[in-house]
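Listed below, chain by chain, are the residues.
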Amino acid sequence: MPYRVVNPADLDWITRPHEAGEPARHVAELSEVAGFADTRANVWRYEPGAKGRRHRHPTQEETFVVLSGTLSMYVGDPPKREDIPAGALVTVTPGTPLQAVNHGDDDLLVYAYGYPPETENAEILDSAV
């Protein structure tokens with residue numbers, strides 16, 4: 001098929017591991033359902049107060065588009081906080097440490113896109129927050 005449409009109702013949300021009492025992150029993996037051959041993408045939903053793991057990818061460039069809420073992205077070393085509002089995006093070059101956090105009172109929804117696709121090569125770093 002020369003195109004695919006992925007509707008929100010078609011997404012399977014996976015709750016990521018988190019500590020008891022800690023706000024959760026949920027991911028809808030898009031790469032397979034969208035039929036991506038050479039890229040990787042996910043939609044992330046962060047509950048208020050949820051934070052991702054600080055990490056860096058050796059070869060993957062990552063782009064994050066904020067669909068709703070405000071993404072607080074801690075980038076670089078030392079980490080610098082950048083607040084990315086709905087409708088904006090941030091691109092992170094390979095090798096740059098990053099950590100995504102929802103400091104807001106509502107769910108944060110983010111489209112994350114990576115090229116070239118990496119799934120297991122991220123280096124996990126100490127949290128910035």
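Please read all numbers here as calculations on a predicted model, not as lab measurements.

Caption draft 1: Representation of the packing of aromatic side chains. For the coordinates displayed, the defined rule picks out 2 aromatic pairs. Considering the side-chain rings of Trp44 and Tyr46, the 6.2 Å spacing of their centres and the 55° angle between planes classify their relative orientation as tilted. The burial state of Trp44 is the same as that of Tyr46; both residues are buried. Geometrically, the ring pair formed by Tyr111 and Tyr113 is stacked, given 6.5 Å between the ring centres and 25° between the ring planes. For Tyr113, a relative accessible area of 32% corresponds to the partly exposed category. When the ring centre of Trp13 is taken as origin, the NZ or CZ atom of Arg45, which lies over that ring, is 5.5 Å away.

Caption draft 2: Representation of the environment of Asp12. Relative to the elements of secondary structure, Asp12 occurs in the segment before strand S1 (13–15). Here Asp12 falls in the exposed class, since its relative accessible area comes to 63%. In this structure the C-alpha to C-alpha distance between Asp12 and Ala122, which are 110 residues apart in sequence, comes to 23 Å. Not counting residues within four places of it along the chain, the set of residues in contact with Asp12 comprises Val27, Ala28 and Glu29.

Caption draft 3: Representation of the sheet that holds strand S5 (residues 61–68) in the model. Taken in spatial order, the 6 strands of this open sheet run S1-S2-S3-S10-S5-S8, and their pairing is antiparallel. Since the sheet does not close on itself, it has two edges, and those belong to S1 and strand S8 (89–92), each with one partner. Across this sheet, the average inter-strand angle for adjacent strands is 25°, counted without regard to direction. Bridge analysis of strand S3 (residues 40–46) against strand S10 (residues 108–115) gives 7 bridges, and the strand direction is antiparallel. Paired with Val43 across the two strands is Tyr111, which belongs to S10.

Caption draft 4: Molecular detail of the side chain of Asn102. Here Asn102 is to be found in the loop between strand S9 (98–101) and S10. Residue contacts for Asn102: discarding those within four places in its chain leaves Tyr46, Glu47, Pro48, Gly49, Ala50, Thr70, Asp107 and Leu108.

Caption draft 5: Main features of the layout of surface pockets. For the largest pocket, the calculated volume is near 1100 Å³. Arg16, Arg25, Arg40, Trp44 and His55 are the residues nearest the centre of the largest pocket, which is lined by 43 residues in total. Mapped by element, the contributors of at least two residues to the lining of the largest pocket are strand S2 (25–29), S3, S5, strand S6 (70–75), S9 and S10. The leading source of residues in the lining of the largest pocket is S3, at 5 residues. Residue composition of the lining of the largest pocket, grouped by class: 19 nonpolar, 12 polar and 12 charged.

Rules of the game
Residues numbered from 1 in each chain as written. Predicted model: local features only at pLDDT ≥ 70, side-chain atom pairs only at ≥ 80, totals over all residues. Heavy atoms only, no water. Phe/Tyr/Trp six-rings, centres within 6.5 Å; stacked < 30°, edge-to-face > 60°. Buried < 20%, exposed > 50% of the residue type's maximum accessible area, 1.4 Å probe, protein only. Lys NZ or Arg CZ within 6 Å of the ring centre and 35° of its normal. Helix = DSSP H or I, 4+ residues; strand = E, 2+ residues; numbered from the N terminus. Contact = heavy atoms within 4.5 Å. Pairing = 2+ DSSP bridges. Axes fitted to C-alpha atoms, helices over the stretch in contact; angles between N-to-C directions. 1 Å grid on protein atoms, 1.4 Å probe; cavity = no way out; pocket = protein on both sides within 12 Å on 5 of 7 lines; lining within 4 Å. Points joined across faces, edges and corners; volume = space filled by probe spheres on them. Nonpolar A, V, L, I, M, F, W, Y, C, P; charged D, E, K, R; others polar.

The values are spatial; any link to function lies outside them.
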